[in-house]
Amino acid sequence: MKRLWIALALLTLVIATCVMGISYTRQITTQMTQTVEEAKAAEKRGDVNAAYQLSITAKNNWKKAHSVLCVYMIHSDLEEIDQTLALLPELCLNGAKDTFLSECDRGLTLISSLEESVAPSLENVF
């Protein structure tokens, strides 16, 4: 009987950890999507200072989140986002508007796919 209770406790712990990971990932992807979209909009309207500040914010927020996400996510997926977000401030400073907007779109796509990869669905399970 003790083994059954231990197995049940472990199952509960695993489920709770998975739910917390999914919740944290969704929170981070929502926050990052919003920040990158705001930076993109600022660049489109010609507000380079705001775009630069928002890209720095996105980069710093990602660094904080990366240390947690790397515990349970595929590192190569995280590194692609890391590299894209690291480029944004430099592209903004150098006046490469088209490349900046393109990298914003790439970052948004990568962040979206990151959220989809943790969603509990039949495609992800099988």
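One can find the structure itself at the top, above this paragraph.
Keep in mind that what you see is a predicted model, and the values were worked out from it rather than measured.

Calculation rules
Residues numbered from 1 in each chain as written. Predicted model: local features only at pLDDT ≥ 70, side-chain atom pairs only at ≥ 80, totals over all residues. Heavy atoms only, no water. Salt bridge = Lys/Arg side-chain N within 4 Å of Asp/Glu carboxyl O. Helix = DSSP H or I, 4+ residues; strand = E, 2+ residues; numbered from the N terminus. Buried < 20%, exposed > 50% of the residue type's maximum accessible area, 1.4 Å probe, protein only. Expected span 1.5 Å × (residues − 1). Contact = heavy atoms within 4.5 Å. Patch = residues over 30% accessible without salt bridge, like charges linked within 9 Å, V, L, I, M, F, W, Y side chains within 5 Å. Areas by Shrake-Rupley, 256 points an atom, 1.4 Å probe, with all protein chains shown as cover.

(A) Seen up close, the pattern of salt bridges. Under the counting rule described, the total for this entry stands at 2 salt bridges. Notably, a salt bridge pairs Asp-105 with Lys-40, separated by 2.3 Å at the nearest N-O pair. On the criterion of sequence distance, the pair formed by Asp-105 in helix α4 (residues 97–118) and Lys-40 in helix α1 (residues 2–44) is long-range, its members being 65 residues apart. You can call Asp-105 partly exposed: its relative accessible area is 34%. One salt bridge connects Arg-106 with Glu-80, and the closest N-O pair in it is separated by 3.5 Å. On the criterion of sequence distance, the pair formed by Arg-106 in helix α4 and Glu-80 in helix α3 (residues 75–93) is long-range, its members being 26 residues apart. On the basis of relative accessible area, Glu-80 is assigned to the partly exposed category, the value being 30%.

(B) Summary view of α3. When the terminal C-alpha atoms of α3 are compared, their 28 Å separation across 19 residues agrees well with the 27 Å that a helix rising 1.5 Å per residue should span. On its buried side, α3 packs onto α1, α2 (48–69) and α4.

(C) Expanded view of a nonpolar patch on the surface. A surface patch of nonpolar side chains, amounting to about 780 Å² of accessible area, comprises Met-1, Leu-4, Trp-5, Leu-8, Leu-11, Ile-15 and Val-19. Here Val-19 shows up in helix α1. Assessed through its relative accessible area of 51%, Val-19 is described here as exposed.

(D) Broad picture of α1. Taking 1.5 Å as the rise per residue, α1 with 43 residues should run 63 Å; its terminal C-alpha atoms sit 63 Å apart, in good agreement. Residues of α1 that are buried: Gly-21, Thr-25, Ile-28, Thr-29, Met-32, Thr-35, Val-36, Ala-39, Lys-40, Ala-42 and Glu-43. In the segment just after α1, Gly-46 is the residue with positive phi, at about 90 degrees.

(E) View of the environment of Leu-78. Within the secondary structure, Leu-78 sits in helix α3. Taking the relative accessible area as the measure of exposure, Leu-78 reaches 0% and is therefore buried. Separated by 32 residues in the primary sequence, Leu-78 and Leu-110 place their C-alpha atoms 8.8 Å from one another. With residues up to four places along the chain from it excluded, the contact list for Leu-78 reads Trp-62, His-66, Leu-69, Cys-70, Met-73 and Leu-114.

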